[in-house]
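Each chain, written out:
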Number of protein chains: 6
Amino acid sequence: MRPSGRTAEQVRPINITRHYTKHAEGSVLIEFGDTKVLCNATVEEGVPRFLKGQNQGWITAEYGMLPRATNSRTQREAAKGKQTGRTMEIQRLIARSLRAAVDLGLLGEYTITVDCDVIQADGGTRTASISGACVALYDALHAMVEKGLLKSNPFKGFIAAVSVGIVDGNAICDLEYIEDSNAQTDMNVIMTEEGKLIEIQGTAEGEPFSHDELLELLSLAKGGINSIIKEQKKALNIAS
Amino acid sequence: MRPSGRTAEQVRPINITRHYTKHAEGSVLIEFGDTKVLCNATVEEGVPRFLKGQNQGWITAEYGMLPRATNSRTQREAAKGKQTGRTMEIQRLIARSLRAAVDLGLLGEYTITVDCDVIQADGGTRTASISGACVALYDALHAMVEKGLLKSNPFKGFIAAVSVGIVDGNAICDLEYIEDSNAQTDMNVIMTEEGKLIEIQGTAEGEPFSHDELLELLSLAKGGINSIIKEQKKALNIAS
Amino acid sequence: MRPSGRTAEQVRPINITRHYTKHAEGSVLIEFGDTKVLCNATVEEGVPRFLKGQNQGWITAEYGMLPRATNSRTQREAAKGKQTGRTMEIQRLIARSLRAAVDLGLLGEYTITVDCDVIQADGGTRTASISGACVALYDALHAMVEKGLLKSNPFKGFIAAVSVGIVDGNAICDLEYIEDSNAQTDMNVIMTEEGKLIEIQGTAEGEPFSHDELLELLSLAKGGINSIIKEQKKALNIAS
Amino acid sequence: MRPSGRTAEQVRPINITRHYTKHAEGSVLIEFGDTKVLCNATVEEGVPRFLKGQNQGWITAEYGMLPRATNSRTQREAAKGKQTGRTMEIQRLIARSLRAAVDLGLLGEYTITVDCDVIQADGGTRTASISGACVALYDALHAMVEKGLLKSNPFKGFIAAVSVGIVDGNAICDLEYIEDSNAQTDMNVIMTEEGKLIEIQGTAEGEPFSHDELLELLSLAKGGINSIIKEQKKALNIAS
Amino acid sequence: MRPSGRTAEQVRPINITRHYTKHAEGSVLIEFGDTKVLCNATVEEGVPRFLKGQNQGWITAEYGMLPRATNSRTQREAAKGKQTGRTMEIQRLIARSLRAAVDLGLLGEYTITVDCDVIQADGGTRTASISGACVALYDALHAMVEKGLLKSNPFKGFIAAVSVGIVDGNAICDLEYIEDSNAQTDMNVIMTEEGKLIEIQGTAEGEPFSHDELLELLSLAKGGINSIIKEQKKALNIAS
Amino acid sequence: MRPSGRTAEQVRPINITRHYTKHAEGSVLIEFGDTKVLCNATVEEGVPRFLKGQNQGWITAEYGMLPRATNSRTQREAAKGKQTGRTMEIQRLIARSLRAAVDLGLLGEYTITVDCDVIQADGGTRTASISGACVALYDALHAMVEKGLLKSNPFKGFIAAVSVGIVDGNAICDLEYIEDSNAQTDMNVIMTEEGKLIEIQGTAEGEPFSHDELLELLSLAKGGINSIIKEQKKALNIAS
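Residues numbered from 1 in each chain as written. Chains lettered and ligands numbered in written order. Predicted model: local features only at pLDDT ≥ 70, side-chain atom pairs only at ≥ 80, totals over all residues. Heavy atoms only, no water.

Asks: It is not clear to me how the UniProt feature "binding site: phosphate" (unreviewed entry) in chain A should be interpreted in this structure. Could you clarify?
Replies: All names here are of chain A. Taken from the UniProt record, the annotation "binding site: phosphate" (unreviewed entry) applies to Arg86, Gly124, Thr125 and Arg126. Annotated residues spanning 41 residues; largest pairwise C-alpha distance 13.4 Å, indicating a single compact cluster. In this fold, threonine 125 is placed in helix α3 (residues 125–146). Beyond its immediate chain neighbours, meaning those up to four positions away, threonine 125 contacts Thr35, Val37, Tyr63, Arg86 and Val118. Of the polar contacts made by the side chain of threonine 125, one reaches the side chain of tyrosine 63; its length is 2.6 Å. Topologically, arginine 126 is positioned in helix α3. When neighbours within four sequence positions are excluded, arginine 126 is seen to be in contact with Arg86, Glu89, Ile90, Leu93, Asn188 and Gln201. (UniProt positions renumbered as here; feature names shortened; annotations may be inferred. Helix = DSSP H or I, 4+ residues; strand = E, 2+ residues; numbered from the N terminus. Contact = heavy atoms within 4.5 Å. Polar contact = N/O pair within 3.5 Å; in protein donor to acceptor, adjacent residues only side chain to side chain.)

Asks: I'm lost on the pattern of salt bridges in this one. Help?
Replies: Two side chains with opposite charge may pair up if their charged atoms get near one another. Within this structure, the stated rule accounts for 114 salt bridges over all chains. Between Glu176(C) and Arg6(C) there is a salt bridge; the shortest N-O distance is 3.2 Å. Within this pair, whereas Glu176(C) is found in the loop between β7 (170–173) and α4 (177–180), its partner Arg6(C) is found in the segment before β1 (14–18), the two being separated by 170 residues in sequence. Residue Lys22(E) is joined to Asp122(C) by a salt bridge in which the shortest nitrogen-to-oxygen separation is 3.8 Å. Residue Lys22(E) is found in the loop between β1 (14–18) and β2 (26–32), and its partner Asp122(C) is found in the loop between β5 (110–120) and α3 (125–146); the two belong to separate chains. What makes Lys22(E) partly exposed here is its relative accessible area of 42%. Residue Asp122(C) is classed as buried on the basis of its relative accessible area of 12%. Each of Arg2(A), Arg6(A), Arg12(A), Asp174(A), Glu176(A) and Glu179(A) takes part in a single network of salt bridges with overlapping partners. (Salt bridge = Lys/Arg side-chain N within 4 Å of Asp/Glu carboxyl O. Buried < 20%, exposed > 50% of the residue type's maximum accessible area, 1.4 Å probe, protein only.)

Asks: Looking at this structure, I do not really get helix α3 (residues 125–146) of chain E. What am I missing?
Replies: An α-helix turns once every 3.6 residues. As a result, residues three or four positions apart point the same way. All names here are of chain E. When the terminal C-alpha atoms of α3 are compared, their 31 Å separation across 22 residues agrees well with the 32 Å that a helix rising 1.5 Å per residue should span. Burial analysis of α3 places 18 of its 22 residues in the buried class, the great majority of the element. Directly after α3, the chain includes glycine 148, whose backbone phi takes a positive value near 80°. (Expected span 1.5 Å × (residues − 1).)

Asks: So what exactly am I meant to see when it comes to the packing of helix α5 (residues 211–235) of chain B against helix α5 (residues 211–235) of chain C here?
Replies: Between two packed helices, the angle of one axis relative to the other and the distance separating the axes together describe the packing. Interaxial distance between α5(B) and α5(C) falls to 13 Å at its minimum, and their mutual angle equals 160°. The pairing of α5(B) with α5(C) is recorded here as roughly antiparallel in orientation. In the crossing of α5(B) with α5(C), the sense of the turn from one axis to the other is right-handed. Mapping the contact onto sequence places His211(B), Leu214(B), Leu215(B) and Leu218(B) in α5(B) and His211(C), Leu214(C), Leu215(C) and Leu218(C) in α5(C). Class assignment for the residues of the contact of α5(B) with α5(C) results in six nonpolar, two polar and no charged. (Axes fitted to C-alpha atoms, helices over the stretch in contact; angles between N-to-C directions. Parallel < 35°, antiparallel > 145°, perpendicular 65-115°, else oblique. Left-handed = near helix turned anticlockwise from the far one by under 90°. Nonpolar A, V, L, I, M, F, W, Y, C, P; charged D, E, K, R; others polar.)

Asks: What is the right way to read the relation of the copies chain A and chain B from this model?
Replies: Two copies of the chain are present, and they differ by a rotation about an axis and a shift along that axis. Mapping chain A onto chain B leaves a residual RMSD of 0.0 Å; the transformation is a rotation of 180° accompanied by 0.0 Å of translation along its axis. Both copies are brought into coincidence by an operation consistent with a two-fold rotation axis. (Least-squares fit on C-alpha atoms with pLDDT ≥ 70 in both.)

Asks: Please clarify how the interface of chain A and chain B should be interpreted in this entry.
Replies: Reports of interface size often rely on the accessible area that becomes lost once the parts have come together. If you look at the interface, chain A gives 37 residues, while chain B gives 37 residues. With both chains or domains summed, chain A and chain B bury close to 3,000 Å², and 46% of this area falls on carbon and sulfur atoms. Looking only at chain A, the three residues that lose the most surface to chain B are His23(A), Arg68(A) and Arg73(A), adding up to 25% of its buried area. Between chain A and chain B we count 16 salt bridges in total. (Buried area = accessible area lost by both parts, 1.4 Å probe.)

Asks: So what exactly am I meant to see when it comes to helix α5 (residues 211–235) of chain E here?
Replies: All names here are of chain E. Given a rise of 1.5 Å per residue, 25 residues ought to cover 36 Å, and the 36 Å separating the end C-alpha atoms of α5 matches this to within 8%. Every buried residue of α5 is accounted for by Leu214, Leu217, Leu218, Leu220, Ala221, Gly224, Ile225, Ile228, Ile229, Gln232 and Lys233. Just past α5, the residue asparagine 237 takes up positive phi, approximately 60°.

Asks: Even after reading the chapter, I still don't get the sheet that holds strand β2 (residues 26–32) of chain C, so can you show me in this structure?
Replies: By way of backbone hydrogen bonds, the strands of a sheet pair with one another, either parallel or antiparallel. All names here are of chain C. Sheet architecture is open: five strands sit in the order β1-β2-β3-β5-β4, paired in mixed fashion. The sheet is open, and its two edges are formed by β1 and β4 (58–65), each paired on a single side. For this sheet, the mean inter-axis angle between neighbouring strands, taken without regard to orientation, is 20°. Relative to β5, strand β3 (residues 35–45) runs antiparallel, the two being bridged by ten bridges. Across the sheet, glutamate 44 pairs through a bridge with threonine 111, a residue of β5. Relative to β4, helix α2 (residues 85–99) is tilted by about 145°, and along the sheet it contacts β4 and β5. Taken strand by strand, α3 contacts β1, β2, β3, β4 and β5, and its axis lies near 35° from that of β3. (Pairing = 2+ DSSP bridges.)

Asks: Would you explain the UniProt feature "domain: Exoribonuclease phosphorolytic" (unreviewed entry) in chain A in this entry?
Replies: Residue and element names in this part refer to chain A. Feature annotation in UniProt places "domain: Exoribonuclease phosphorolytic" (unreviewed entry) on residues 10–140 and 158–222, given in this structure's numbering. Taken end to end, residues 10–140 is 27% helix and 32% strand, and its first and last C-alpha atoms sit 30 Å apart. Here residues 158–222 runs as 25% helix and 48% strand, with 14 Å between its end C-alpha atoms.

Asks: Would you mind going over unusual backbone geometry with me for this structure?
Replies: For residues besides glycine, phi is generally negative; the peptide bonds are generally trans as well. Residue and element names in this part refer to chain B. One non-glycine residue, asparagine 237, lies in the positive phi region at around 60°. Note on placement: asparagine 237 falls in the segment after α5. We classify asparagine 237 as exposed; its relative accessible area is 69%.

Asks: What is the right way to read the state of the cysteines from this model?
Replies: In protein chemistry, a disulfide is the covalent bond that joins the sulfur atoms of two cysteines. All names here are of chain E. Tallied over the full model, the rule gives zero disulfides over all chains. Considering cysteine sulfurs only, cysteine 39 is the nearest to cysteine 116, which forms no disulfide, with 4.1 Å between them. The exposure class of cysteine 116 is buried, given its relative accessible area of 0%. Cysteine 134 provides the cysteine sulfur closest to cysteine 173, a residue in no disulfide bond, and the two sulfurs are 17 Å apart. (Disulfide = S-S within 2.5 Å.)

Asks: What's the story with the side chain of Gln91(D) in this structure? I'm lost.
Replies: Residues and elements named next belong to chain D. In this structure, glutamine 91 sits in helix α2 (residues 85–99). Its relative accessible area of 11% is what places glutamine 91 among the buried residues. Dropping the residues within four chain positions of it, glutamine 91 is found in contact with Ala61, Glu62, Tyr63 and Gln83.

Asks: Quick question: what am I supposed to make of the nonpolar core here?
Replies: Within soluble globular proteins, side chains that are nonpolar tend to cluster in buried spots. Core analysis: the biggest nonpolar cluster contains 465 residues, and Ile112(A), Ile112(B), Ile112(C), Ile112(D), Ile112(E) and Ile112(F) have the highest contact counts within it. Setting aside residues up to four positions removed in sequence, Ile112(A) forms contacts with Ala41(A), Thr42(A), Val43(A), Trp58(A), Ile59(A), Thr60(A), Leu107(A), Leu137(A), Leu141(A) and Met144(A). (Core = buried A, V, L, I, M, F, W, Y, C linked by side-chain atoms within 4.5 Å.)

Asks: Teacher, can you tell me more about the environment of Ile228(F) here?
Replies: Residues and elements named next belong to chain F. Tracing the backbone shows isoleucine 228 in helix α5 (residues 211–235). Separated by 212 residues in sequence, isoleucine 228 and isoleucine 16 place their C-alpha atoms 10.0 Å apart. Contact partners of isoleucine 228, with chain neighbours within four places excluded, come to Ile14, Phe32, Ser131, Ala160, Ala161 and Val162.

Asks: I tried to follow the environment of Phe209(B) on my own but got confused; where do I start?
Replies: Looking at the element boundaries, Phe209(B) is found in the loop between β9 (197–204) and α5. In this structure, Phe209(B) is in contact with Ile166(B), Thr185(B), Gly202(B), Thr203(B), Ala204(B), Leu214(B), Lys196(C), Leu197(C), Ile198(C) and Ile200(C), ignoring residues within four places of it in sequence.

Asks: Mind showing me how you'd approach the sheet that holds strand β2 (residues 26–32) of chain D here?
Replies: All names here are of chain D. If you trace the five strands from one edge of the open sheet to the other, you get β1-β2-β3-β5-β4, paired in mixed fashion. The open sheet has two edge strands, β1 (14–18) and β4 (58–65), and neither has a second partner. Across the sheet, the axes of successive neighbouring strands diverge by a mean angle of 20°, strand direction being ignored. Note that β4 and strand β5 (residues 110–120) share eight bridges and pair parallel. Looking at β5, one finds that tryptophan 58 is bridged to threonine 111. Against the sheet, helix α3 (residues 125–146) touches β1, β2, β3 (35–45), β4 and β5, its axis set at about 35° to β3. Along the sheet, helix α5 (residues 211–235) makes contact with β1 and β2, crossing β1 at roughly 30°.

Asks: Looking at this model, I keep getting lost on the packing of aromatic side chains. Mind explaining?
Replies: In this description, a pair of aromatic rings is defined by centroid distance and the angle of the planes. Under the definition given, this model contains 24 aromatic pairs over all chains. When the centroid spacing of 5.2 Å and the interplanar angle of 90° are considered together, the rings of Phe50(A) and Trp58(A) count as edge-to-face. Arranged with centres 5.5 Å apart and planes meeting at 20°, the rings of Tyr138(D) and Phe158(D) form a pair that is stacked. Within this pair, whereas Tyr138(D) is found in helix α3, its partner Phe158(D) is found in the loop between α3 and β6 (159–167), the two being separated by 20 residues in sequence. (Phe/Tyr/Trp six-rings, centres within 6.5 Å; stacked < 30°, edge-to-face > 60°.)

Asks: How do you make sense of the side chain of Arg68(C) when you look at a structure like this?
Replies: Along the polypeptide, Arg68(C) turns up in the loop between β4 and α1 (77–80). Accessibility expressed as a relative area gives 3% for Arg68(C), which makes it buried. Only 2.8 Å separates the side chain of Arg68(C) from the backbone oxygen of Asn71(C), close enough to count as a polar contact. One polar contact links Arg68(C) to Glu25(E), side chain to side chain, over a distance of 2.6 Å. If we ignore the near neighbours within four places in the chain, the residues touching Arg68(C) are Arg73(C), His23(E), Ala24(E), Glu25(E), Asn40(E), Ala41(E) and Thr42(E).

Here it is as C-alpha cells:
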C-alpha cells in the first residue's frame, strides 16, 4: 500500500495550467501531485557560437528550486554563487530531452530556453519539469509559427518523463518524496508518444537491480508516460 | 489618465493568498495587479555569528526573480554565479523593513529567513515583496507560538510598502512597469500601520524634485499603504 | 552636546584637495572631518552596450574601502572575490547622483568612471564620496573641453550629499561614526545647488520616524549641503 | 566494420597498471585503448558533516581532464574558476558506482576520495574511470586492513563500467571517440561481477531507441563488463 | 642620462610619513618619487590554522592598486571578482620579506597583516611597498610592546627593497615606470641592513643577462637599499 | 650526505619521454627523480587581444598538480573554484621563461600554450616543468615548420631550470622534497645553453644569505642546467 493509496501503476493527479505567466512565449505550471514546477519557454534570436552559420536552431534549459520548495530550506544557488552538480545534471537532462522533440533544422537560427523552476517539491521534479516543458515548448513553437517566424512547426511529437523505482521490494510508478527517499532503485525514463526511449537513467541506491527488475520498471514507466502524454494533449486540446 | 484607468491615488487590485506552498512556516503569494511575488518564511534555530549569545533573534530576507518574470528574459543569477547589485539592494531593504515589525529581543535565538521570489513582474516587485513578506512573517511567528517555541508573539504591528512617483508631471501611487519606466521621480515608502516611516527611498531619474513634490508623494504613499495594510489584515481575518 | 562640540546644524570641517594624484583626469581628496575619500574620475571612449549608437555618454562609479580604513580591519573585497551588498548599493547611489549633474546628451560617446576609495572612515563615507566625486567630475569635464573632446561643458550644476539623523532624540547633521552607530534614524540626502532633491534615503534603524521628524531632517540636510557646495566652489575658484 | 577492426562485442585492449604513482593509497593507470585515466585513491580520517556520528564511512570521487587530453585543447577548469556540468555529472556517477562496491558500515569513519584524471581521451573516459577506480579502491582498502585501520575488508565485489551504443544502426560495445561522436544512442552501464545493474544511463542523441535495441545494448554491456572485470582481477592476481 | 636626471646609482627622493591614517597600529605613506603606497599594519589576536598551538605569530600581507593609480585605468579586482596573478605574486613576496624582519617565535599568537595599497604608481610599487611596510610593521610591534601585549620587541632589523635593471645597456637603480617598461632585465632585491639577501628576483624581459651583469645589478641594489634604510631610520628617529 | 646519496652538484636521474600523449603538438613527460610532469604544447591560431595586428606570436603556460601528486591530498583547484597564488606564480614563471627561448616575431599570429601538469611531486616541480616544456615547445615548433605554418623555426636555443639551495649550511643542487622543506635558502635558476640568465628567484626561508652564498648557488645551478640541457638534446637526438 502506497502512502497516497495509489496502485503500483498509478501516477499522481496531473494538472497542467497553460499561460500561467504573461511574458513567456510558452508558460506552463505543471503539477504531479504536490510537486509543482513552472516551465517558461523563451524564444530568442540567434544560436550559441558552436552552431553559428549551420542554419539550425537550439533548445536549452535551466532548472532551479525556490529555496523553500523543499521541506527544510536549501541555500539559494544565486547567493552561494554556483549551481550544484545536481542542478546542472538535471538541466542538461531536460534540454537533451526537449531537443529530441524538435527538428532543430526546421527551427531556424533561434534559441529556445526553457526555465523550469520548482515552486514546491515532493519527488519527481525533473520528470515533471520535462513533461511540463514539453507543453511550454509546444506553445512557444506554435507562437513562432503564428508570428510568421517559422514556416512550418518543427515539433516532432510529444515526450514525457516519469520516475519509477523499487521500494520495499515492489516496483512502483511516479514516486513521491517519501517513496523516493526509501527507494532501493530509482529510475527516470523519458519516452516519445510512440513508446520509444529518449533517455533512461537508473541507479541502484542500495542493492543492485536485476535485468528482470529493469524490465518491470520499464513497463511501469511506459504506462505512466502514456497517462502524462494524455494530459499534455488534453491541456492543448489535441485529440489523443 | 493612467494606462489601467486608475486614479492617481489608487493602488492596483491586491490579492493575498496564504498557505500557497506547503513546506514553509509562512507562505504567501501576493499580487499587486500583474506583479506576483511568492513570499516564504522559514524558521530556523540559531542566529548569525555576530548575534550569538545576545539572547535575541534575527530576520533576514532573500530576493530573486525567475528569469522570465520579466518581459524579456533576464539571465539566471545562479547560472551567472552572482547576484546583481539591484538584487542585493532589494533584499537588504526587505530585511531591514521586516525587522522593524518585530521585537527581536522576544524572538529568542531563532532566525527567520523570508524568500521573496518574483513569479511575474510588472513594477513594484520590492514593495509587493515587503507587503507580502509581512504576512508570511506573521504566519510564521504565529506558528512558532502555536508550537510553543515562543511564549509571546514578538510581532509589533503591520508594515507595508508602496511605490509612488512622478510621471508626466503628475504624482501617482503604485506604479506599474510602463509608468515606472517613464517616471521622472521614483520613490519607495515603507510605513507602519500608525503611519510612521520605516524607510523612504526617493530617486530623481530625470529632473530633481522639489520639497513640495516630496510632500505630495508622501501623502499618496500614506494612502496606498493604508489600503495594503487593510488587505493584509483581511487576509489574516484581523479587524482593521 | 555632540562629541565634536558641533551644533546640530554644523557639518564637520571640509577639505577638498584637487589634483591629488597625477594620472586621473579629475582627482580629488575630500575630507569630512576624519573621513577621507579619494575620488578619481577617468574618461574613456565608448559607452556600455545598452547605450551604443544613442549618441550620449555615461557616468558610472565604483566604491571601495581600504581594509584598514575602519577601526578594525575589514576583509579586502578583492581577496574575498566579491563586493558586499553595501558596496554595490553605495556605488550605484554615487553613479545615479552624478548622472543628475550632467547632461548626458552633451557628453558624446564617452564614459566617465569615478572611483571613490575610502582612505579613512569616520562616518559619512558615501556622502563624502558623492560630494568629492562631483568636483573630480567637474575637473574631468573641464579637461575634456580643454582637450577639444567636447564643444560645450555638459555640467549642469553642483550637487552634494550629507547625512542627517536622529541621535538620542535629536536631529543632527553630518554624523560621524560614533553618532551614526547610535542613530535611531539615519538619512542620506543628495541635492542640487538650487535645493532640489536628487535622492533621499532614510532608514529607521530603531523606532520608525514621524513626518515631522522627516521635515526637520530635510531642513538640516539643506543647510549642510549648502555648506558643502560652498566648499566645492571655493576649491574650484568659482564664486558662490 | 569498426575503425579499429573490432567486432561489435569486442572491448578495446585493456591495460591496468597498479602503483602508478607513489603517494596514493591506491594508484592505478587504466587504459581502454587510447583512453588513459589515472585513478588515485586517498584515505583520510573523518566523514562529511551529514554522516558524522553514524559510524560509517564515505566514498567520493573527483574527475578531471588534462586540458590537452582531447584532440583540441579544452579550457582548464581551474583557470575558468568552475567545473562544467559534464564534469560534475561524471564525478557524481563515479562516486555512486564505487559506493555500491563497498559496505560503508564496515569502513569506519574514513573517507576515501578517488581522483580520476584523464591523461588522454579517446571515448569512454567515464567508464574507464569507474573500472580503474574500482581497482585503486581495492588497493586502498587492502592497505587499510594491512595497516590495521580496518578489521575486515568492506569490499563487496568488483564493479565495472562500459559504454555501448548504436552507430550506423549497429549496436556496438566500448565506443572509441570517433564512434561515440557518431552514435545515435549512447549508453553507459555499470554492473557488479554477478551481472546485476548498478547504474544505467542511456541517451538517444538522434533518433529515440526501441525496447529491443535497449535489450541488445544491455546484452553487449554485460559481455564487455565481464571482460573488464577479468582484467581487474588479473591485475590484482585474483582468480576469476 | 635618465629621464629624471638621476645618476645610475641614485634612488628617487624618498618620503616616509608615519601615522598617515588613524585606525591602524602602524600606518605609513611611502613615496619613491611619484610612486605612493599606503602601508597599514593591523594587529589581530590568533594565528592561521596551520600554526595553531605552536606558540608563534604570523605576518601576512595584501597588496592592491587603486584603479586609477596607473596611467590608464585598470579594472578593480573586487569588481572583477578575483585578484590577478601579479597581485598574488606581489603580496606573497611582501609577506615573505616582512617575516624575515621578525622573530615569529617572540611574536606570540598574534597575526600582523600589512595592507599595501598603491595610491599612485610610477614603477617600483612592490619595492616601495616592502620598504614602507617595514616601517609600519616597526610601529605596530612597538605599539604591541607599549600596550603590554609583548614583553620584548621581536623586530630583528630593518629590511628594504629596491628594483634594479638594465636599460639601454646600462645598469640603473630604482627604475621609474618609463625606465621599467623599457628594461631588458628587471630585478627586485630585498636585503637586511647588514647587506644580506632576503630575496632576489631577476627576469630577463628581452635578452638573457650575464653573470657579470648580475653582479653589477646586485652592487647597485646594495647602495639603493642602504639609502632607503637610512630614510626608514630617519623617519623613526633612529640613528643609522 | 644527501638522502639520495647524491653529491652536492649532482642532479637527479632525468628522463624525458617525447610523444607521451597523442593529441598535443608537443607532448613530453619529464622526470627529475620522483618528480614527474607532463608537458603538453598546444598550437592555436590567433594571439591575445593586446598583441593583435602586431604580427607576432605568443607563448603562454598553465600549471597544475593532480590532487594526489603530493604526499597528502591537496584540494583540486577546479573544485575550489580558483587557482592558488603559488600556481599563478609558477605558470607566469614558466611562460616568461619559454618566451625567452623563442623569437616571437618569427612565430606569426599563433599562440602556443604549454600545459604543465604534475603527475607526481617530489620537489622541483617548477624547474622540471620549464625543462620539459622547452622540449615540448621544440617539438611543437618543429611540427609547425613541417606543416608549413612557419617558414623558419623561431626557436632560439635551449633553456632549462634547476633549483639550488642551502640545507644544513651546505649548498646543493636539484633539491628533492625532503631537502626543499628543510632549506634555509631556496633558489630557482633558469638559464640558456650559453649560460646566460633568464630568471633567478632566490628566497631566504630562514636566515638571509650572503653574496658569497649566492655565487656558490649560481655556480651549482650552472652545472645542473648543463646536465639538463644535455638530456634535452639527447631526447631530441641533437648533438650537444
